[in-house]
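So the chains spell out like this:
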Amino acid sequence: MTAAIPSPVSLSLDRLAIGTKALVAGIDWAMLDAGDAARLRNFGFDEGVAVEPLHLGPFGRDPIAIRVGRMTVAIRRKHAGAIHVTPLT
Amino acid sequence: MNPLPLIAVAGSPNAGKSALFNALTGARQKVGNYPGVTVERHSGRLMLADGRPVELVDLPGAYSLEPSSPDEAVTRDVLLGQQKGERQPDALLIVVDASNLDNHLRFALQLIELGLPTIVALNMVDLAKRDGLELDPARLEQELGVPVIETVAVRRRGIAELNTALDDMLSNPRCGVHQHVKDDLLNLQRRARDIAAAAVVSETPVRRWTHRLDSVLLHPVAGPIILAALMFVMFQAVFAWSEVPKAWIGDAMAWLASQASAALPAGPLRSLVVDGAIAGVGAVITFLPQILILFFFILLLEGTGYMVRAAFLMDKLMHRTGLSGRAFIPLLSSFACAVPGIMATRTIDDPKDRLTTILVAPLMTCSARLPVYTLIIAAFIPNTNVGLGIGLQGLVMFGLYVCGIAGALLAALALRRGVLKGGGGGFMMELPKYQWPLLKDVLIGLLTRIEIFLKRAGTIILGTTIVLWALASFPQAGPGQKQSDVSIAGHIADGIHTVVAPIGFNKDISLALLPAMAAREVAVAAIGTVYSLDATSDEGQQSLEQRLAGRWPLPTALAFLAWFVFAPQCISTIAVTRRETNGWKWPLFMIAYLFVLAYVAAGLTYWTAVALGL
């Protein structure tokens, strides 16, 4: 099934499996309100940055703890949905 | 006289900024407030190597000069020289976490662009090394164009070097290579990453310790269980560990009362000292150990970095009631006291999330309710075992906490459906490294609490107790009359009584409610004062619990407990709410809805208990 997906594979960060390293391919800033967007930028989310989902919240798999650069941050699933990533193999 | 040179300490959250500030200034610190905003100003004095004093101000942590909270706005305004009540700093000390350079350098670059004389403290280099990160400070210095000093604030490493560097900088001010280009954040971020990459000599995977701990503490099953267990241990400890010191304080107060009785001639003065001051304030001071234990746990959870994890675990559940995981920390702090809890809501970005949290914070069972709960439970609930080593008294106490939490969640739900509809901000927070907090920092926190509590006991509580004593003592009762019937306080209580009689409150309670507006624990002091004035000779030897048990029917006692779960009886909370919401609208709303809740809850409890024939 994975063979059918064209390369480079891009998916939203909320669908990236725990422990999978990826690079941010792009961020859909229009999906975020100004405050949330500013905070994501402050955490260092940007094209080309290495990310890795580390932990999921116990209820409804939300929020998600994500390593970004050398920091770990927690964001909600809906915000992770605005971040597109390319998994590293 | 010229003011001392002012050095601002700035940096991103979790850079170890306050620890460095503590290491530089030691005990010579002042905590104040910036005018017009409720942001604390921490300043201290530092002696430079040549003996010159300078003033250091510890600015709130910020990720950039584009603020997303009132705290970050203060940081920006001070740095730009636009903050009321603060002169523009003469120099800057930027603190960055050595193991998080690519993020922290962005803010550092923004600050260096300001063009002030600047030094960068490359902090927590030991932890970076432990995580396998080897850095080249000389390269960093070259890239940034300002001096870079390696420090480990919590071990006082690099403090002397930093002191010398600050001395040099103030003696011959030189500026960084500022280009006066207002770079946008993304460009700064990219430059920060390039510089960080250049300064790294070698690196291996990050934060193995923190990651390993998180895989247990944030585990979907184990995580919530550990959180619940921690909360349970915390509240058990509040009661179990406090027994002995409480008894000491009680004995000390009894000794003081007997000494005062012996030293003073019988009459109004002895009555004022023994029945008013010692009985009233003593009843409250007994609870100092419990309050300290609770704060000790909260400081420990905050200092280790676990609090943020608790917020992570609870976010989804809290989101369902219309709060965010960020509200978990303020609400947990409110178990100690709603005032710091409400102040901690400043970290919540969304205004409606924040307001909801402020409005429900007083429903968390604060430590000031403990005196009331403990007294009533000891007097009315038998100390029996309900099995498995669980005592009935403890169970009732636990039930009261649960009532408060349930009330808060329901109130949040109602507020979010009603007056505070809409909004619904995000939940984004950094999960910092775990670290073992310095005992010194925890002790400083506890000492501040003791000071605040004793000041309250010495001012508000002593004051209201003395006024109440006067109102309850005059005019004096004649033979055959009860003091609480003829006194001024008795007549005021008659008025309140007509309102609260339907929910089962007697005149003694009516008498205690008014002074308890100042602070809940005054209710205990007030009842203590009244009964000590009313005491007949054979009652004189009885404890307050025994006197209560003899005078109040059980439904009344239960209604009294239910009342205190909800009633907004705390002037400090109302004042801080007014300050934090910039007006009287929300504090008045809070008082109104909480009194209605308290009245209804007490009424339902009383009527149910009477119907059940208790």
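Just so it is clear, the model here is predicted, and its values are computed rather than measured. Numbers given for residues are sequential positions, taken from 1 along each chain in its written order. Here every chain gets a letter starting at A, and every ligand a number starting at 1, in the order they are written. Local features in a predicted model are, by the rule used here, given only for residues with pLDDT of at least 70; side-chain atom pairs are given and counted only at 80 or more, and totals for whole chains, interfaces and linings are based on all residues. Heavy atoms from the whole structure form the basis of all side-chain values; hydrogens and water molecules are not counted.

(A) Geometry of the overall build of chain A. Scanning chain A from N- to C-terminus turns up two helices and six strands. Shown N-terminal to C-terminal, the secondary structure of chain A runs as helices and strands in the order β-β-α-β-β-β-α-β. For this measure, only C-alpha atoms enter the radius of gyration; the expected value for a globule follows 2.2 Å times N^0.38, where N is the number of residues. Compactness check: chain A gives a C-alpha radius of gyration of 12 Å against a globular reference of 12 Å for 89 residues, within 12% of the reference. By principal-axis analysis of the C-alpha atoms, chain A measures approximately 40 × 30 × 25 Å. Contact definition: two residues touch when any of their heavy atoms are within 4.5 Å. Sequence-distant contacts, at least 24 apart, represent 60% of the contacts inside chain A between residues at least 6 apart. Of the roughly 3900 Å² that chain A leaves accessible, carbon and sulfur atoms contribute 58%. In chain A, 10 positive and 8 negative side-chain charges are present, and the distance between their average locations comes to 6 Å. In this text, helices come from DSSP runs of H or I with a minimum length of four residues, and strands from runs of E with a minimum of two, each type numbered from the N-terminal end. Each accessible area is a Shrake-Rupley estimate made with a 1.4 Å probe; only the visible protein chains count as cover when residues are assessed. In summary, the charge assignment counts Lys and Arg as positive and Asp and Glu as negative, without counting His or the chain termini. Think of each charge as sitting on NZ of Lys, CZ of Arg, CG of Asp or CD of Glu.

(B) Summary view of the environment of Ser12(A). All names here are of chain A. Within the secondary structure, Ser 12 is located in strand 1 (residues 11-12). Remark: exposure states derive from per-residue accessible area (1.4 Å probe, protein chains only) relative to the maximum for the residue type, with buried under 20%, exposed over 50%, and partly exposed in between. Accessibility expressed as a relative area gives 12% for Ser 12, which makes it buried. Considered as a pair, Ser 12 and Gly 81 are 69 residues apart in the sequence and their alpha carbons are 5.3 Å apart. Beyond its immediate sequence surroundings of up to four residues, Ser 12 is in contact with Ala 80, Gly 81, Ile 83, His 84 and Val 85.

(C) Structural view of the interface of chain A and chain B. Across the boundary between the two partners, chain A contributes 31 residues, which contact 45 residues of chain B. Throughout, buried area stands for the accessible area (probe radius 1.4 Å) lost by two parts on being put together, summed over both. Carbon and sulfur atoms supply 56% of the area buried between chain A and chain B, which totals about 3400 Å² over both sides. Ranking the residues of chain A by area buried against chain B places Arg39(A), Arg70(A) and Arg76(A) at the top, with a combined share of 27%. We define a salt bridge as a contact between a side-chain nitrogen of Lys or Arg and a carboxyl oxygen of Asp or Glu at a distance within 4 Å. Counting across the chain A and chain B interface gives four salt bridges. We note a salt bridge from Asp315(B) to Arg76(A), for which the minimum N-O separation is 2.8 Å. In protein, a polar contact means a hydrogen-donor-capable atom and an acceptor-capable atom, both N or O and within 3.5 Å, with residues adjacent in sequence counting only if both atoms are side-chain atoms; elsewhere, any N or O pair within 3.5 Å suffices. At the junction of chain A and chain B, the tally comes to 13 residue pairs in polar contact (both at pLDDT 80 or more). Broken down by secondary-structure element, the contributors of at least two residues to the side of chain A that touches chain B are helix 1 (34-42), strand 3 (50-56), strand 4 (64-68), strand 5 (71-75) and helix 2 (77-80) of chain A. Any residue that is not Ala, Val, Leu, Ile, Met, Phe, Trp, Tyr, Cys, Pro, Asp, Glu, Lys or Arg is counted as polar, Gly included; the first ten are nonpolar and the last four charged. Grouping the constituent residues of the side of chain A that touches chain B by class yields 14 nonpolar, seven polar and ten charged. Bridge count for strand 5 of chain A against strand 10 (residues 429-430) of chain B is two bridges, and the pairing is antiparallel. By this definition, two strands are paired if DSSP reports at least two bridges between them.

(D) Spatial organisation of helix 9 (residues 222-240) of chain B. Residues and elements named next belong to chain B. Each residue after the first adds 1.5 Å to the expected span of a helix. End to end, helix 9 covers 26 Å across 19 residues, agreeing with the expected 27 Å (1.5 Å per residue, within 8%). Every buried residue of helix 9 is listed here: Gly 223, Leu 227, Met 231, Met 234, Phe 235, Ala 237 and Val 238. The arc enclosing the buried residues of helix 9, seen along the axis, measures out at 155°, which places them on a common side. In this structure, helix 9 carries Ile 225 and Phe 232 as exposed residues pointing more than 90 degrees from its buried face. Turning to helix 9, the residues buried within the fold contact helix 8 (208-217), helix 12 (288-304), helix 13 (306-320), helix 14 (328-333), helix 17 (369-380) and helix 18 (392-417). Here the arc refers to the directions that run from the helix axis out to each C-beta atom.

(E) Layout of the sheet that holds strand 4 of chain A. Strand order across the open sheet formed by seven strands is 1(A)-6(A)-2(A)-3(A)-4(A)-5(A)-10(B), with antiparallel pairing between neighbours. The open sheet is flanked by strand 1 of chain A together with strand 10 of chain B, the only strands paired with a single partner. Of the pairings in the sheet, the one linking strand 1 of chain A to strand 6 (residues 83-87) of chain A comprises two bridges and is antiparallel in character. Residue pairing across strands places Ser12(A) opposite His84(A), the latter belonging to strand 6 of chain A.

(F) A look at the pairing of strand 3 of chain A. Residues and elements named next belong to chain A. Among the seven residues that make up strand 3, six are buried, leaving the element largely enclosed by the rest of the structure. Looking at chain direction, strand 2 (residues 22-27) and strand 3 are connected through two bridges and run antiparallel. Opposite Ala 22, over in strand 3, you have Val 51 as the bridge partner. Direction of pairing for strand 3 relative to strand 4: antiparallel, over a ladder of five bridges. Looking at the pairing, Val 51 lines up with Val 68 of strand 4.

(G) Looking closely at the state of the cysteines. Residues and elements named next belong to chain B. A pair of sulfur atoms, both from cysteines and within 2.5 Å, is called a disulfide here. All chains considered together, the criterion is met by zero disulfides over all chains. Cysteine Cys 403 is unpaired, with the sulfur of Cys 366 as its nearest cysteine sulfur at 15 Å. Residue class for Cys 403 comes out partly exposed when judged on its relative accessible area of 39%.

(H) Representation of the environment of Pro245(B). One can find Pro245(B) in helix 10 (residues 243-263). Between the C-alpha atom of Pro245(B) and that of Asn172(B), which follows or precedes it by 73 residues, the distance is 56 Å.

(I) Molecular detail of the packing of aromatic side chains. Note on ring pairs: Phe, Tyr and Trp rings are taken, using the six-membered ring of Trp, and paired if centres are within 6.5 Å. Classes follow the plane angle, with under 30 degrees stacked, over 60 edge-to-face and the rest tilted. Per the stated rule, a full pass over the model turns up twelve aromatic pairs over all chains. Seen in terms of ring centroids, Phe589(B) and Tyr593(B) are 5.7 Å apart; in terms of plane orientation they differ by 35°. Their pairing is tilted. One end of the pair is Phe589(B) and the other is Tyr593(B), both in helix 27 (residues 585-611) and four residues apart, which spans about a single turn. With a relative accessible area of 27%, Phe589(B) lands in the partly exposed category. These aromatic residues form a ring-pair network of at least three members: Phe380(B), Phe505(B), Trp552(B), Phe560(B), Trp563(B), Phe564(B) and Phe595(B). Here, a charge over a ring means that NZ of Lys or CZ of Arg falls within 6 Å of the ring centre while also lying within 35 degrees of the ring normal. The ring of Trp29(A) is capped by Arg41(A), whose NZ or CZ atom sits 4.3 Å from the centre of that ring. Over the aromatic face of Tyr434(B) sits the side chain of Arg309(B), whose NZ or CZ is 4.1 Å from the ring centroid.

(J) Quick peek at the packing of helix 16 (residues 351-360) of chain B against helix 26 (residues 571-581) of chain B. Residue and element names in this part refer to chain B. For the pair helix 16 and helix 26, interaxial distance at closest approach is 11 Å and the crossing angle is 170°. Judged by the inter-axis angle, helix 16 sits roughly antiparallel to helix 26. Of the residues in helix 26, those touching helix 16 at Arg 354, Leu 355 and Ile 358 are Thr 577, Glu 580 and Thr 581. For the contact of helix 16 with helix 26, the class distribution of residues is two nonpolar, two polar and two charged. Axis lines are fitted to C-alpha atoms, over the contacting stretch for helices. Their N-to-C directions set the angle, which ranges from 0 to 180 degrees. Reported orientations rely on four angle classes, namely roughly parallel under 35 degrees, roughly antiparallel over 145, roughly perpendicular from 65 to 115, and oblique for the rest.

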